[in-house]
Amino acid sequence: MSDQPVLHVKGRVLAGPDDIRDELWVVDGRISYDRPVGARDVRSVTGWALPGLVDAHCHVGLGPDGPVDVEVAEKQALTDREAGTLLIRDAGSPSDTRWVDAREDLPKIIRAGRHIARTRRYIRGYAHEIEPADLVAYVAREARRGDGWVKLVGDWIDREVGDLAPSWPREAAQAAIAEAHRLGARVTAHCFAENSLRDLVESGIDCVEHATGLTEDLIPLFAERGVAIVPTLVNIATFPRLAANGEAKFPRWSAHMRRLHERRYDTVRSAYDAGIPVFVGTDAGGTLPHGLVAAEVAELVTAGIPPREALSATTWGARAWLGRPGLDEGAPADLVVYEADPRADVRVLAAPRRVVVNGKVRG
């Protein structure tokens, strides 16, 4: 045992939705359910403990105009940590955030490399902008650069059409997804509209971000293939403003965005009811602030997902999906302690009592 103080977490430890322990111990930064022998310097935290929350769609190192400097990226990560987010799937960033891995006080990041978009079909400064002939090569590059994920921009506004349109021909998407899988990476895609989804799912994609275009005919396909969605409802809430700003130039696109927004809750609930895996993501970075994970969980509940399942979408279930441990024996002690039972009211998540990262109380 090192000289690091032992942390004693007591009260209710939610190792799983129905796996409730009375206490756990943190020794040398790792979880133990056995009282350590000979511990002298013991510090206690009391409350309802959860695994560190997961934001499965977050962009550390990304600002409104593209990459940001290290100081800004650090503030983004600290804001997420203060909100209890201790595991981030960084769903596309032009910044190199590997320096975060050496920081024991910051959330852990699973990177998807940089967005891959069609030329002039995404937000300037965010993505590699390429043509379909180069898609396989760029997917291979980002699969090697990331942490087991690659992020495509599956659709965006086509100015010639005046509306959302798919970014990639089916053959190109299929070849690129196969290459990512060959390299051991999963693939996700930004998709707002309906008409990009079938080709991507039938091409083997693993996840879809936003998924506002899910319709009754597509939902069974997602469920059959086990394709997860990350709805980012706190981001979808901005659609009416975006639609208003684009009304004069792209009226067809604006009307489409409003329709997608109006049915957002029905879309998410129908996906959940069909057995499609749903996970929490905020789309923080770019134009949205960090630290919105509690608001996104509350949005899933508003959409009709039961509170325990919405909680799992940012804790036990999300960590299992991403292949990272929760409050397991010997796991890094990344946990959040609350005043009350978050299973009874997910709004508790907005006010962490204590945040523990790698065994140390950070907030």
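Everything numeric in this text was worked out from a predicted model, so none of it was measured.

Let's talk about the packing of helix 9 (residues 264-273) against helix 10 (residues 293-303)
Right, so step 1: Remark: helix 9 packs on helix 10, axes separated minimally by 8 Å, with the N-to-C direction vectors making an angle of 80°. With respect to helix 10, the element helix 9 is oriented roughly perpendicular. Facing helix 9, whose interface residues are Tyr265, Val268 and Arg269, helix 10 presents Glu299, Leu300, Thr302 and Ala303.
Right, so step 2: Split by residue class, the contact of helix 9 with helix 10 holds four nonpolar, one polar and two charged.

A few points about the pairing of strand 19 (residues 354-357)
Right, so step 1: Where strand 18 (residues 335-338) and strand 19 come together, three bridges link them in antiparallel fashion. Counted as the bridge partner of Val336 is Val355 from strand 19.
Right, so step 2: Pairing of strand 19 with strand 20 (residues 360-361), which is carried by two bridges, proceeds in the antiparallel orientation. Looking at the pairing, Val357 lines up with Lys360 of strand 20.
Right, so step 3: Connecting the antiparallel pair strand 19 and strand 20 is a turn made up of two residues, with Asn358 showing a positive phi of about 50°.

A closer look at the side chain of His115
Right, so step 1: Topologically, His115 is positioned in the loop between strand 9 (108-111) and strand 10 (116-118).
Right, so step 2: Setting aside residues no more than four positions away along its own chain, His115 makes contact with His59, Leu62, Ala91, Gly92, Ser93, Tyr122, Tyr126, Ala127, His128, Lys151 and Val153.

Details of the sheet that holds strand 8 (residues 85-90)
Right, so step 1: Read across the sheet, three strands follow the order 5-8-9 without closing on themselves; strand pairing throughout is parallel. At either end of the open sheet lies a strand with only one pairing partner, and these are strand 5 (53-58) and strand 9. Averaged over all neighbouring strand pairs, the angle between strand axes comes to 20°, with direction disregarded.
Right, so step 2: In the sheet, strand 8 pairs with strand 9 via four bridges, with the strands oriented parallel. Bridged to Leu87 within strand 9 is Lys108.

Digging into the environment of Arg225
Right, so step 1: With respect to the helices, strands and loops of the structure, Arg225 is situated in helix 5 (residues 219-225).
Right, so step 2: Remark: the alpha-carbon pair of Arg225 and Gly204, spanning 21 residues in sequence, is separated by 8.1 Å.
Right, so step 3: Apart from the residues within four sequence positions on either side, Arg225 is in contact with Val201 and Glu202.

Focus: helix 9
The α-helix advances 3.6 residues per turn, and as a result positions three or four apart in sequence lie on the same side.
Right, so step 1: For helix 9, the set of buried residues is Arg264, Thr267, Val268 and Ala271. The buried residues of helix 9 occupy one face: seen down the axis, they fall within an arc of 95°. When the buried face of helix 9 is taken as reference, the exposed residues oriented beyond 90 degrees from it are Asp266 and Asp273.
Right, so step 2: Summarising the contacts, the buried residues of helix 9 are in contact with helix 5, strand 17 (228-230), helix 6 (233-236), helix 8 (251-262) and helix 10.
Right, so step 3: Two residues or fewer past helix 9, Gly275 is found with a positive phi of approximately 90°.

Focus: the nonpolar core
Right, so step 1: Judged by nonpolar contacts, the single largest core of 59 residues is most densely connected at Leu135, Val150, Leu152, Ile205, Leu214, Phe222 and Leu300.
Right, so step 2: Sequence-distant contacts of Leu214, that is, excluding residues within four places in its chain, are made with Leu197, Ile219, Phe222, Ile229, Arg263, Thr267, Ala271 and Ile276.
Right, so step 3: Within the second largest apolar cluster, 18 residues are counted, among which are Leu62, Tyr126, Val153 and Ala193.

Considerations on unusual backbone geometry
Right, so step 1: Even without being glycine, Asp28 reaches a positive phi, approximately 55°.
Right, so step 2: With respect to the helices and strands, Asp28 occurs in the loop between strand 2 (19-27) and strand 3 (30-32).
Right, so step 3: Residue Asp28 is classed as partly exposed on the basis of its relative accessible area of 38%.
Right, so step 4: One non-glycine residue, Arg120, lies in the positive phi region at around 60°.

Conventions we followed
Residues numbered from 1 in each chain as written. Predicted model: local features only at pLDDT ≥ 70, side-chain atom pairs only at ≥ 80, totals over all residues. Heavy atoms only, no water. Axes fitted to C-alpha atoms, helices over the stretch in contact; angles between N-to-C directions. Helix = DSSP H or I, 4+ residues; strand = E, 2+ residues; numbered from the N terminus. Parallel < 35°, antiparallel > 145°, perpendicular 65-115°, else oblique. Contact = heavy atoms within 4.5 Å. Nonpolar A, V, L, I, M, F, W, Y, C, P; charged D, E, K, R; others polar. Pairing = 2+ DSSP bridges. Buried < 20%, exposed > 50% of the residue type's maximum accessible area, 1.4 Å probe, protein only. Arc of directions from axis to C-beta. Core = buried A, V, L, I, M, F, W, Y, C linked by side-chain atoms within 4.5 Å.

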